[in-house]
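Each chain is listed here by its residues.
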Amino acid sequence: MISGPLRSLLHKAHGVLLAMNPQVVFVLGGPGAGKGTQCAKIVENYSYTHLSAGDLLREERSRTGSEFGQLIDTYIKDGRIVPVEITINLLKKAMEETMKKDENKFRFLIDGFPRNEDNLQGWTRVMDGKADVKFVLFFNCGNEVCIERCLERGKSSGRTDDNKESLEKRIQTYLQSTRPIIELYEKQGKVRTIDASRSVSEVFADVKSVFDREG
Ligand code: UP5
Ligand code: MG
């Protein structure tokens, strides 16, 4: 890896932006598995930027003038996966803006993506050769625990999908569409599995050992 000062020098020498490829960790797991909670803790301890695909979609949903607001709203309530053209543009833009502001911020946690075959194809189409996927952090958690956590959060979250009806659909989508993607990465030896059914600090202790080793 080329260090910061050396890279600046190279920029000057070439007169062009010699950007570092973004280094990506995909963070996957069922609804309420603790992806967002653990990503926040990783950011506190390691030099990563957290990008939640769900948060980016919710932001886009409420952006004045967005042509996708209604579509995103319907998909999220139904626990369905938004067409990748929308999600990948939001992710790409967020990565570019982060790196433009600070060239040393090239490590990203991409939380809640890729969730299905369409997502994966979209990522490959747009980001192949432009970003390196280091590994997949998989928060493995039973469905009952996941549902319980989301229902509890639903008392105050204001999320339109933290209710029983949406949660059943979210779990189905996760099992049918996302698990096969995790299995695909598993075959490539890229998955780091964490038992996410334990307390936040117990889970983070395992996360830490993964990042100390290869973050
Ligand atoms: N909590 C967390 N960890 C705990 C622990 N160890 N012990 C006890 N409690 C714990 O946590 C959920 C709740 O549990 C919180 O109250 C937390 O305090 C507690 P959180 O960290 O928020 O879990 P997370 O896995 O992030 O759950 P989230 O609900 O965000 O996961 P989803 O994957 O369902 O939601 P996301 O926002 O990623 O996506 C929402 C929807 O957007 C999708 O269903 C889909 O419709 C759409 N979407 C796409 O279409 N495409 C995408 O690429 C991404 C999303
Ligand atoms: Mg989340």
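Here, the structure is the one placed above.
Since the model is a prediction, treat every value here as computed from it, not as a measurement.

Cut-offs used in this document
Residues numbered from 1 in each chain as written. Chains lettered and ligands numbered in written order. Predicted model: local features only at pLDDT ≥ 70, side-chain atom pairs only at ≥ 80, totals over all residues. Heavy atoms only, no water. Core = buried A, V, L, I, M, F, W, Y, C linked by side-chain atoms within 4.5 Å. Buried < 20%, exposed > 50% of the residue type's maximum accessible area, 1.4 Å probe, protein only. Helix = DSSP H or I, 4+ residues; strand = E, 2+ residues; numbered from the N terminus. Contact = heavy atoms within 4.5 Å. Near = heavy atom within 4 Å. Polar contact = N/O pair within 3.5 Å; in protein donor to acceptor, adjacent residues only side chain to side chain. Areas by Shrake-Rupley, 256 points an atom, 1.4 Å probe, with all protein chains shown as cover. 1 Å grid on protein atoms, 1.4 Å probe; cavity = no way out; pocket = protein on both sides within 12 Å on 5 of 7 lines; lining within 4 Å. Sits in = over half its atoms within 2 Å of the grid points. Axes fitted to C-alpha atoms, helices over the stretch in contact; angles between N-to-C directions. Left-handed = near helix turned anticlockwise from the far one by under 90°. Nonpolar A, V, L, I, M, F, W, Y, C, P; charged D, E, K, R; others polar.

Thoughts on the nonpolar core
Working step 1: Ranked by internal contacts, the top residues of the largest apolar core, which has 36 residues, are Phe26, Met95, Ile110, Phe113 and Trp123.
Working step 2: Where this core is concerned, the elements lending two or more residues are β1 (23-29), α3 (53-62), α4 (69-77), α5 (84-101), β3 (107-111), α6 (117-127), β4 (132-140) and α8 (164-187).
Working step 3: Among the elements that make up this core, the one with the highest residue count is α5 (8 residues).
Working step 4: Residues contacting methionine 95, with those up to four places away along its chain left out, are Pro22, Val24, Leu51, Phe108, Ile110, Trp123 and Met127.
Working step 5: Ranked by size, the runner-up nonpolar core spans 24 residues in total, among them Val27, Phe135, Cys146 and Val207.

Here we look at the site of ligand 1
Working step 1: Ligand 1 sits among 30 residues. The nearest are Thr37, Arg80, Val82, Arg115 and Arg153.
Working step 2: Here an oxygen atom of ligand 1 and a backbone polar atom of glycine 32 are 2.9 Å apart.
Working step 3: Considering ligand 1 on its own, with 1,000 Å² of exposed area, one finds that the protein chains cover 84% of that surface.
Working step 4: Of the pockets mapped on this structure, ligand 1 occupies the largest pocket.
Working step 5: Breaking the shell around ligand 1 down by element, the ones donating at least two residues are α2 (35-45), α3, α4 and α7 (143-157).
Working step 6: Among the elements that make up the shell around ligand 1, the one with the highest residue count is α3 (4 residues).

Examining the packing of α7 against α8
How two helices pack is summed up by the angle between their axes together with the distance between the axes.
Working step 1: In the contact formed by α7 and α8, the axes pass within 11 Å of each other and the chain directions differ by 140°. The interaxial crossing formed by α7 with α8 has right-handed handedness. Judged by residue contacts, Asn143, Cys146, Ile147, Cys150, Leu151 and Arg153 of α7 engage Lys164, Leu167, Arg170, Ile171 and Leu175 from α8.
Working step 2: Residue composition of the contact of α7 with α8, by class: 7 nonpolar, 1 polar and 3 charged.

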